[in-house]
Amino acid sequence: MIVTQVCELKDLLEKEKIEIPQEVLKKNDLVIVPSKRNTERPYVDVSIVPTLKEMKRDIPKTEIYPAENLEYKDFRSADFQTPLFIILEDYVRPIVLALIARWIGNIISEHLARKKADPENKLLKEPAVRVRFYQDKAKKYFEIEGNATAVQEIEKDLLKQD
Amino acid sequence: MSVFEILSRARLLARKGEVLEAEKKYLQAIGLLEKEANERPSRETKAELWSTKAEYLNFRASFCTENETIDDARNRMMESIRLLLRTSKLSTEYEKHFAPALKSIVANAILVFGCILPEDDTHVYVECPIKLKNMGAGSFGFSIGAFSEKAGCTICGRDILTDPSCTHIVGQSYDGKMCEIAFSGFQLDHVSLTDHPLDPRCKITKLTIPKKEFYEGLPREQIELKERSKLPLVCHLCKEEGIEPSEINAETYFRIQHISSEQ
């Protein structure tokens with residue numbers, strides 16, 4: 001499932017109860033907004049940490065905000081979610097989408113390997129993935145949710161679009 | 001008459017239903033094979049002897065004489081499976097050769113005699129994957145939820161994500177050392193029972209049910225007969241529900257009944 005919404009960044013942040021200083025938005029090309037635990041402590045999923053690190057390498061003006069007291073969430077259920085990506089410059093979009101597509105690809109590969117090793121196991125279900133990003137120039141917010149293969153397909157389609 | 005000819009005769013008589021005559025021939029063949037195995041002990045002579053004994057016991061489990069009970073027949077069937085399992089462990093070649101026979105004899109044992117549900121004074125133990133699924137336990141697995149304070153870089157020790165001075169990338173090699181993440185400051189959040197654990201091996205493999213609770217689901221006459229005759233608690237789920245017990249191999253067959261697979 002994909003939800004697309006045209007909105008101003010300030011409205012989205014207000015709705016999501018996220019406060020980001022203007023200077024952070026001005027000086028960066030990509031801002032990664034972690035989810036919050038009990039609406040307090042920010043966290044990111046452990047599985048996506050290497051991908052976020054690659055984003056920081058490929059997009060020099062990247063900031064995780066808020067990063068203070070950041071925690072790493074490791075819930076061993078087959079649900080994965082990305083932080084909210086605020087894409088402030090257009091060149092960032094294909095890099096972010098491609099890296100997320102590869103992250104989902106790894107999730108699918110791990111799932112298939114487990115399925116091959118234990119084909120009879122009924123508990124083996126394809127993981128669910130939730131991806132969120134906002135394109136500042138286009139004023140568009142995207143939320144993609146579903147099983148990993150479906151989300152990856154949507155991701156690939158979006159990657160082909162401008 | 002060679003052992004092969006005697007065995008062929010025994011099989012023919014068994015097929016015709018002349019069970020007592022067939023038994024004599026089987027025992028004659030086993031006697032000759034035992035002698036051979038004693039005189040020329042080798043893997044081949046052992047395999048011939050054990051697999052023939054297994055065949056005989058399997059045949060012998062198909063009927064009871066006057067003073068025999070269903071338990072005698074079940075024990076013979078189990079002994080037959082043990083012998084075939086032992087034979088198949090002699091080599092990978094034997095394992096491959098006897099696999100179809102072993103699978104078929106285990107399925108037959110389950111469908112004809114059922115499986116013994118182990119119990120002690122207070123509890124009944126369910127370990128059969130088919131029974132577990134039937135009781136709903138197979139639909140859930142365990143999952144933990146935890147948070148870590150730090151994602152440390154194994155090259156420089158700094159937090160890999162929040163410390164800007166760490167420029168290392170996970171999976172890349174630096175002076176022959178691979179960059180990985182060492183999560184630390186681990187805080188367990190919860191343990192949950194879920195229908196989609198990340199690791200599907202974290203499933204329920206055993207249920208320990210209070211005896212009173214388990215017996216409440218059985219017909220009163222069945223419990224009385226069982227206790228009066230000191231019979232084991234037997235599960236006939238596969239037979240009653242028409243389930244092909246293909247997922248139960250010989251090792252599992254013994255394990256779920258808390259019975260040794262060794263002689």
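Here the structure is a predicted model, which means the values were calculated and not measured.

Novice: Give a detailed account of the overall build of chain B, specifying residues and quantitative values.
Specialist: Scanning chain B for helices and strands turns up 10 helices and 10 strands. Taking all 263 residues of chain B together, 40% fall into the buried category. For chain B, the share of sequence-separated contacts (at least 6 apart) that also reach a separation of at least 24 residues comes to 69%. For chain B, the computed accessible surface area is about 14,900 Å², with 52% contributed by carbon and sulfur atoms.

Novice: Account for the side chain of T45 of chain B, naming residues and giving values.
Specialist: All names here are of chain B. Tracing the backbone through its elements, the reader meets T45 in helix 3 (residues 43–60). Of the polar contacts made by the side chain of T45, one reaches the backbone oxygen of R40; its length is 3.0 Å. Those residues in contact with T45 that sit more than four places away from it in its chain are E36, A37 and R40.

Novice: Describe the side chain of T87 of chain B, listing the residues and the values that go with them.
Specialist: Within the fold, T87 of chain B resides in helix 4 (residues 70–88). Every residue in contact with T87 of chain B, bar those within four places of it in the chain, is listed here: A47, W50, S51, Y94 and F98 of chain B.

Novice: I'd like a rundown of the sheet that holds strand 1 (residues 2–6) of chain A, residues and numbers included.
Specialist: Residues and elements named next belong to chain A. In space, the 6 strands of this open sheet follow the order 1-9-8-7-2-5, with mixed pairing throughout. Edge positions in the sheet fall to strand 1 and strand 5 (62–64), since each has one partner strand and no second. Put simply, the sheet's adjacent strands are angled 15 degrees from each other on average, direction ignored. In the sheet, strand 1 pairs with strand 9 (residues 140–147) via 5 bridges, with the strands oriented antiparallel. Opposite T4, over in strand 9, you have F142 as the bridge partner. Contacting strand 2 (30–33), strand 7 (79–87) and strand 8 (128–135), helix 4 (residues 92–117) crosses the sheet at an angle of about 175 degrees to strand 7.

Novice: Explain empty space enclosed by the protein to me, and be specific about the residues and the numbers.
Specialist: Residue and element names in this part refer to chain B. All chains considered together, the criterion is met by 1 cavity of 30 Å³ or more. Its boundaries defined by the atoms lining it, the largest cavity holds a volume of some 120 Å³. Taken together, 14 residues form the lining of the largest cavity, with C115, C128, K131, C235 and I256 sitting closest to its centre. Where the lining of the largest cavity is concerned, the elements lending two or more residues are strand 1 (115–116), helix 6 (129–134) and helix 9 (237–241). For the lining of the largest cavity, the residue count by class is 10 nonpolar, 3 polar and 1 charged.

Novice: Now, about the sheet that holds strand 3 (residues 141–148) of chain B: what can you tell me, with residues and values included?
Specialist: In space, the 5 strands of this open sheet follow the order 3(A)-4(A)-6(A)-3(B)-8(B), with mixed pairing throughout. Looking at strand neighbours, the two that pair on one side only are strand 3 (35–37) of chain A together with strand 8 (187–194) of chain B, the edges of this open sheet. Adjacent strand axes in the sheet meet at a mean angle of 35 degrees when their direction is disregarded. As paired elements, strand 3 of chain B and strand 8 of chain B share 7 bridges and run antiparallel to each other. By the bridge assignment for strand 8 of chain B, G145 of chain B is matched with H190 of chain B.

The rules behind each value
- Residues numbered from 1 in each chain as written.
- Chains lettered and ligands numbered in written order.
- Predicted model: local features only at pLDDT ≥ 70, side-chain atom pairs only at ≥ 80, totals over all residues.
- Heavy atoms only, no water.
- Helix = DSSP H or I, 4+ residues; strand = E, 2+ residues; numbered from the N terminus.
- Buried < 20%, exposed > 50% of the residue type's maximum accessible area, 1.4 Å probe, protein only.
- Contact = heavy atoms within 4.5 Å.
- Areas by Shrake-Rupley, 256 points an atom, 1.4 Å probe, with all protein chains shown as cover.
- Polar contact = N/O pair within 3.5 Å; in protein donor to acceptor, adjacent residues only side chain to side chain.
- Pairing = 2+ DSSP bridges.
- Axes fitted to C-alpha atoms, helices over the stretch in contact; angles between N-to-C directions.
- 1 Å grid on protein atoms, 1.4 Å probe; cavity = no way out; pocket = protein on both sides within 12 Å on 5 of 7 lines; lining within 4 Å.
- Points joined across faces, edges and corners; volume = space filled by probe spheres on them.
- Nonpolar A, V, L, I, M, F, W, Y, C, P; charged D, E, K, R; others polar.

The quantities given are spatial measurements derived from coordinates; they are silent on function.
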